[in-house]
Structure formats: structure tokens, C-alpha cells
Amino acid sequence: MERRSVAALVALTVMVSSCGGGEEIGATTVGVSGSTTVPGATTTLSAATTPSTSDVTTSLPPTTVAVLRPVTSADPLVVWAIGDSFLEIFGPALVNRCSDTGLMAAEVDFRYVSGLSRPDYFDWPAYIASELPEVSPDVAVVMFGGNDAQDVEVGGERFDVGTQGWVDLYATRVAEAMDVLVAGVERVYWIGLPIMKSDRFTANAQTMNGVYQAEAALRPSVTYFSSFELFQDVDGEYNAYLDGKLMRFTDGAHFVWNGAYRLADAVLPVIAADWDIELTS
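Residues numbered from 1 in each chain as written. Predicted model: local features only at pLDDT ≥ 70, side-chain atom pairs only at ≥ 80, totals over all residues. Heavy atoms only, no water.

J.: I tried to follow the overall build of the protein chain on my own but got confused; where do I start?
T.: Each helix and strand counted, the protein chain has six helices and ten strands in total. The 281 residues of the protein chain split such that 53% are buried. Of the roughly 11,900 Å² of accessible surface on the protein chain, a fraction of 52% belongs to carbon and sulfur atoms. (Helix = DSSP H or I, 4+ residues; strand = E, 2+ residues; numbered from the N terminus. Buried < 20%, exposed > 50% of the residue type's maximum accessible area, 1.4 Å probe, protein only. Areas by Shrake-Rupley, 256 points an atom, 1.4 Å probe, with all protein chains shown as cover.)

So, in C-alpha cells, the structure goes:
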């Protein structure tokens, strides 16, 4: 299949001034885990919120990871970055960093007010399955959770955020998305949520991050990347400013350009290491 060029993403840069787009946000946290554990990633869950993924995951992909193909300037690594509005600025930042390598080409596909909790609103697994043949990526970089911490109803049964029933249901949603991706790409890099200004959002983010980490650990080709610590200050707290630079919008969640590049510069070496791509400083 013909792959889309990075140039198609230039139009995205004009959208960044409206970050959030009225999007309702829940809570966030970060960590790295999965088939590969990235140093410094930690996720702490209470007994009440620990996802029982063994109960909700009924089928898993093979436990072996395919040998990765050589990457050259003539045949660059194709990266597909997908998710909710956290990708609005982080996505283009990652595209720029990938382009700078001369060995990676990326494109972004995000949807405002979307997520995995409400497939009745936007069905990400179905959309991913329909787009994969056209995009034909080697790698998927994924970030969800901005809208997912909400009560949901399925078949007349209500699942309230914070309950084990909600965690188990969310784990099935995450597992479905991961399995669709694993079937179509060589590697998936699932990024957890960062610390948020809101304590409630942060608590919900930590719960969701725990689900991402647990489900990634069941799939050898999925790496969970924790961004939580990356956006904590020296006291382990939320701070919109890090290293003297503004990182987050006034909503206390979304990234401004400095924050987007901070995350992109942390994620890119993880991808490059897997694919034997040497990054210049």
C-alpha cells in the first residue's frame, strides 16, 4: 500500500492554538512497561483499582516478537501517532523529531473528545482496523485517556469510574485496541498520561496507566512508556513550568510546544533503540 508522506501533516500545525477543543478531561499519570520496561517508570495502584486483566483478556497474540526490518533513508520507519487531543501538539512535535532523523517518517491521526471508554461515540478499534491497510505503518505511538475517566453504561448496566467493574471494562477496551494494532504493526508504543493539575484527574490517570501497563505486559510487541515522572517537578508535584519553560496549557493537562517536545524527545530514543536507529545529539 502507498504510504502517506510526512508533508501531509504540515496542516496540523495550524490547529494547535485550539488545544482541547472543549474536550472534557478526566485524569492522567505516566509509566513505561510492556515487552520492554523503560527505566524510571512507576505506577502505583490501590488494591481497589488494580485491574484484574486475567479475567477480562480472553485471547492474546503470539508471545514471540518478529525480527524487525532494517531501516534506511530510502525505506524509512513509518510511524503512526494516534489518540485523543493529547496528540494535537505532541503529534506534530513527534513528526518533526522523526523527520530530523532522516530515517523515520511519521503522521498523526487524532480525534477531539474521543477515547476508548465510549466506542458508541467513536470506535477506535474499528477505525484503526480500517486505516491500517492504507497507512501501512511499522510503528504505532498511542496516547489516550483524556476523556476516558467517565461513567459508562453497557447493556443497561452502569459502570462508575473508580470501581473494579469500570477498571475491568476499561481493560477490555484497551486490550481490544492493542490487539487490533498488534495485528497490523510490528511495534506499539503506548504512552501513559502525565501528572495533572487536578488531583482527581491525576488519580484517574494513575488507574488508567495501570491498565495500559498491565495490558502491555501481556503483549511482547507493546511497550508502555510512562510520562508521569517526566512532568513532575523536583518535589514530585505538578508544575506547569519545568526547567524554566512552560510545559502545559492553563487547563492543567494538555501540552504546549515545550511539553510536546519534552515528551517527543523522551519517546524517540526508545523507538530508535528497538529499530537500531542511531540518533545524533
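J.: What am I meant to see in the packing of aromatic side chains here?
T.: Aromatic ring pairs: the centre-centre distance and the angle between the two ring planes describe each pair. Tallied over the full model, the rule gives twelve aromatic pairs. Where Phe110 meets Tyr112, the ring centres are 5.2 Å apart and the plane angle is 90°; that geometry is what we call edge-to-face. Three or more aromatic residues joined by ring pairs make a cluster, and in this case those are Phe122, Trp124, Tyr127, Phe144, Trp166, Tyr170, Trp190 and Tyr212. Sitting over the ring of Phe231, Arg248 keeps its end group 5.3 Å from the ring centre. Directly above the ring of Phe231 sits Arg262, whose terminal nitrogen or CZ lies 6.0 Å from the centroid. (Phe/Tyr/Trp six-rings, centres within 6.5 Å; stacked < 30°, edge-to-face > 60°. Lys NZ or Arg CZ within 6 Å of the ring centre and 35° of its normal.)

J.: Any chance you could explain unusual backbone geometry here in plain terms?
T.: With the exception of glycine, the majority of residues adopt a negative phi angle, and the majority of peptide bonds are in the trans configuration. The phi dihedral of Asp243 is positive, around 55°, even though this residue is not glycine. Relative to the assigned elements, Asp243 resides in the loop between β9 (241-242) and β10 (245-246). A positive phi is found at Asp276, a non-glycine position, where the angle reads about 55°. By secondary structure assignment, the location of Asp276 is in the segment after α6 (257-274).

J.: Help me understand the pattern of salt bridges, please; the structure alone is not making it clear to me.
T.: If charged atoms from side chains of opposite charge come close, those side chains can pair. The tally for this structure, following the rule as stated, stands at twelve salt bridges. Residue Arg69 is joined to Asp75 by a salt bridge in which the shortest nitrogen-to-oxygen separation is 3.3 Å. Arg262 is paired through a salt bridge with Asp243; the nearest N and O atoms lie 2.9 Å apart. Of this pair, Arg262 sits in helix α6 while Asp243 sits in the loop between β9 and β10; the two residues are 19 residues apart in sequence, bridging distant segments of the chain. Of the residues examined, Arg262 reaches a relative accessible area of 22% and is grouped as partly exposed. By relative accessible area, which is 67% here, Asp243 ends up exposed. Look at the salt bridges and you will find they share partners, linking Arg69, Asp75 and Asp138 into a network. (Salt bridge = Lys/Arg side-chain N within 4 Å of Asp/Glu carboxyl O.)

J.: How do you make sense of the environment of Gln232 when you look at a structure like this?
T.: Secondary-structure assignment places Gln232 in the loop between β8 (222-225) and β9. For Gln232, a relative accessible area of 21% corresponds to the partly exposed category. Considering only alpha carbons, one finds Gln232 and Ile195, 37 residues apart in sequence, at a separation of 6.6 Å. If we ignore the near neighbours within four places in the chain, the residues touching Gln232 are Ile195, Glu237 and Leu242. For Gln232, the side chain forms a polar contact with the main-chain oxygen of Gly236, separated by 3.0 Å. (Contact = heavy atoms within 4.5 Å. Polar contact = N/O pair within 3.5 Å; in protein donor to acceptor, adjacent residues only side chain to side chain.)

J.: Honestly, the pairing of strand β3 (residues 104-110) in this entry has me stumped. Any pointers?
T.: Two faces make up the sheet, and in a regular strand the side chains alternate between them. Most of β3 is tucked away: six of the seven residues are buried. In this structure, strand β2 (residues 77-83) lies alongside β3, joined through seven bridges in parallel fashion. Along β3, the bridge assignment pairs Ile82 with Asp109. Crossover β2 to β3 through helix α2 (residues 87-101) is right-handed. (Pairing = 2+ DSSP bridges. Right-handed = clockwise from strand over helix to strand, strands pointing away.)

J.: How should I be thinking about α2 in this particular structure?
T.: In an α-helix there are 3.6 residues to a turn, and that puts residues three or four apart on one side. Under the 1.5 Å per step criterion, the end-to-end length of α2 is 20 Å for 15 residues, consistent within 8% with the ideal 21 Å. Looking at α2, one finds that the buried residues are Leu87, Glu88, Ile89, Phe90, Gly91, Pro92, Ala93, Leu94, Val95 and Cys98. At the exit of α2 stands Gly102, carrying a positive phi of roughly 75°. (Expected span 1.5 Å × (residues − 1).)

J.: Can you help me understand helix α4 (residues 164-182) in this one?
T.: Compared with an ideal rise of 1.5 Å per residue, which puts 19 residues at 27 Å, α4 spans 26 Å between its outermost C-alpha atoms and is within 8% of the ideal. Most of α4 sits out of view: 14 of its 19 residues are buried.

J.: Sorry, what's going on with the pairing of β8 here?
T.: Where burial is concerned, the two faces of β8 agree: the one with Val222 and Tyr224 and the one with Thr223 and Phe225 are both buried. Strand direction decides the pairing type here: strand β7 (residues 187-191) and β8, joined by four bridges, are parallel. Residue Val188 lies in a different strand from β8, and its bridge partner there is Val222. Tracing the backbone out of β7, into helix α5 (residues 199-217) and back to the parallel element β8 gives a crossover that is right-handed.

J.: Looking at this structure, how should I read the packing of α4 against α5?
T.: To describe two helices that pack against each other, one gives the angle between their axes and the distance between the axes. With their axes 10 Å apart at the nearest point, α4 and α5 run at an angle of 50° to one another. Looking at the two axes, α4 sits oblique to α5. Where α4 crosses over α5, the handedness of that crossing is right-handed. Contacts between α4 and α5 involve Trp166, Val167, Tyr170, Ala171, Val174, Ala175 and Met178 on the former and, on the latter, Thr207, Met208, Val211, Tyr212, Glu215 and Ala216. Residues that form the contact of α4 with α5 fall into these classes: eleven nonpolar, one polar and one charged. (Axes fitted to C-alpha atoms, helices over the stretch in contact; angles between N-to-C directions. Parallel < 35°, antiparallel > 145°, perpendicular 65-115°, else oblique. Left-handed = near helix turned anticlockwise from the far one by under 90°. Nonpolar A, V, L, I, M, F, W, Y, C, P; charged D, E, K, R; others polar.)

That is the geometry; function is a separate question.
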